[in-house]
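Below are the chains, spelled out letter by letter.
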Amino acid sequence: MKAAQFSAYGPAADMIECVELPDSPSPAVGEIKVDVLAFPINPADMLTIEGLYAERPPLPATLGAECIARVTETGKGVAHLSVGDLVVPLGRQNWVQQKTMPAKQAIKIPEGSDIQQLAMLRVNPPTAHLMMTQYVDLKAGDWLMQDAANSGVGKLIIQMAKAKGIRTVNVVRRPDAIPELKDLGADVVVVDSDNLAVEVKELTDGAEIRLGIDAVGGTQIIRMGDCLADEAIIVNYGLLSGDNPQLSAHQTVFKRLWLTGFWLLPWLQNTPPKEAIGLYSELANSIASGDLHVPVAATFPLTEIKDAMKLSRDYKRDGKVLVLPNGPI
Ligand SMILES: NC(=O)c1ccc[n+]([C@@H]2O[C@H](COP(=O)([O-])OP(=O)(O)OC[C@H]3O[C@@H](n4cnc5c(N)ncnc54)[C@H](OP(=O)(O)O)[C@@H]3O)[C@@H](O)[C@H]2O)c1
């Protein structure tokens, strides 16, 4: 079977390769075998290849945070899944044509949704939902602020907030990203600048903003902090600038801002399976109904993983880049 693999840490598009590996074995007791239908390239995957993510796996390494897959074989003792079922694997190493895995790590997904959207279910939708709900008790009419607002996570936050009547201030780094976010239901969209706090104050009529959600890090957090209410919480969940999160002493002492971080992995590890499956089912329903949708910029076969990676890594694209390891879907 074909798989994406890297053998050295470095620039993601240079290091990633499509290689031939032995076929995945038939499933043992309690296991299933699946065909991977589609996977997105996420920033965390690129950071993994660049050696900048939380874990540095031994090389050569396969990778891939998420995918959507179809069951092709079931082992003995697997009662809740059948051949033909659509599943989201909760483990990693998903950038392969086939994989054999514990059945209990697969979430069954009802038929009828857009498969490409389901390929992006495991990581970004729960991240957006949990960051919006776990830190500040926001009610309809309240405001939140986020940067990298035209990212996959950012667009989900806009859609989820709109559904709850929560208003959003969205920071982007280029003006051409504004119309799409407005169409999605964003209340305020601004291009990042040193004048951010003045603009946001004007555009929100001086609203109190108690939650900031940041994926950029560095001095972006200082500019965001200047827009927030005293004692607001900033949740940092990415490092797109490559720079560590920063706040000024004025913000930590006089405004008493709180800076914390979110990472999905511990939530997946520590949440009772029933609760996690419940959230994924809700999110899958929202995808099925079209309430949650993330644009796809392009799809590639697995053999063209380098081109897919290049398009993804260069950013300034119109959506996520997906790879279809077993052909068009
Ligand atoms: N902590 C967690 O558990 C967790 C879970 C999921 C995602 N994440 C993080 O969430 C972030 C977004 O992920 P995604 O999959 O939604 O991303 P995505 O759809 O691939 O979009 C990437 C976004 O990053 C922006 N960007 C890239 N470099 C930037 C920079 N130097 N300064 C400002 N913006 C920049 C891009 O803006 P342009 O369009 O202008 O290029 C685009 O909006 C990533 O940092 C990812 O690692 C974290």
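Residues numbered from 1 in each chain as written. Predicted model: local features only at pLDDT ≥ 70, side-chain atom pairs only at ≥ 80, totals over all residues. Heavy atoms only, no water.

*Asks:* How would you explain the sheet that holds strand β12 (residues 209-214) if you had to name every residue and give the values?
*Replies:* With respect to topology, six strands assemble into an open sheet ordered β11-β10-β9-β12-β13-β14, the strand pairing being parallel. At either margin of the open sheet sits one strand with a lone partner, and together these are β11 (188-191) and β14 (258-261). Along the sheet, successive strands turn relative to each other by an average axial angle of 20°, direction set aside. Here β12 runs beside strand β13 (residues 233-236); their pairing, made up of four bridges, is parallel. Bridged to D214 within β13 is N236. (Pairing = 2+ DSSP bridges. Helix = DSSP H or I, 4+ residues; strand = E, 2+ residues; numbered from the N terminus. Axes fitted to C-alpha atoms, helices over the stretch in contact; angles between N-to-C directions.)

*Asks:* Describe in detail the pattern of salt bridges, supporting the description with residues and values.
*Replies:* Considering all chains together, one arrives at 11 salt bridges under this definition. One salt bridge in this structure joins D85 and K108, with 3.6 Å as the shortest N-O distance. Note that D85 is positioned in the loop between β5 (68-74) and β6 (86-89) and K108 in strand β8 (residues 106-109), a separation of 23 residues in sequence. A salt bridge links R210 to D142; the nearest nitrogen and oxygen atoms lie 3.2 Å apart. Linking R210 in strand β12 with D142 in the loop between α4 (124-133) and β9 (143-146), this pair joins segments that are 68 residues apart in sequence. Since its relative accessible area comes to 30%, R210 is described here as partly exposed. (Salt bridge = Lys/Arg side-chain N within 4 Å of Asp/Glu carboxyl O. Buried < 20%, exposed > 50% of the residue type's maximum accessible area, 1.4 Å probe, protein only.)

*Asks:* Any chance you could break down the sheet that holds strand β4 (residues 61-62) for me, citing the residues and the numbers?
*Replies:* Within the open sheet, the three strands sit side by side as β2-β1-β4. Their pairing is antiparallel. Both edges of this open sheet fall to β2 (17-20) and β4, since each of them pairs with a single strand only. Of the pairings in the sheet, the one linking strand β1 (residues 2-6) to β4 comprises two bridges and is antiparallel in character. Directly across from Q5, in β4, lies its bridge partner T62.

*Asks:* Go over the domain arrangement of the chain, please, and point to the residues and values.
*Replies:* Many structure descriptions define interface size as the accessible area lost when the parts assemble. You can read the domains of the chain as domain 1 (2-120 + 294-324) and domain 2 (124-264). If you average the C-alpha positions of domain 1 and of domain 2, the two centres end up 30 Å apart. Contacts between domain 1 and domain 2 engage 13 residues on the former and 10 residues on the latter. Taken together, the two surfaces of domain 1 and domain 2 that pack against each other cover about 900 Å², and 55% of this comes from carbon and sulfur. For the pair domain 1 and domain 2, the number of links is zero salt bridges. (Domains from an automatic or database assignment. Contact = heavy atoms within 4.5 Å. Buried area = accessible area lost by both parts, 1.4 Å probe.)

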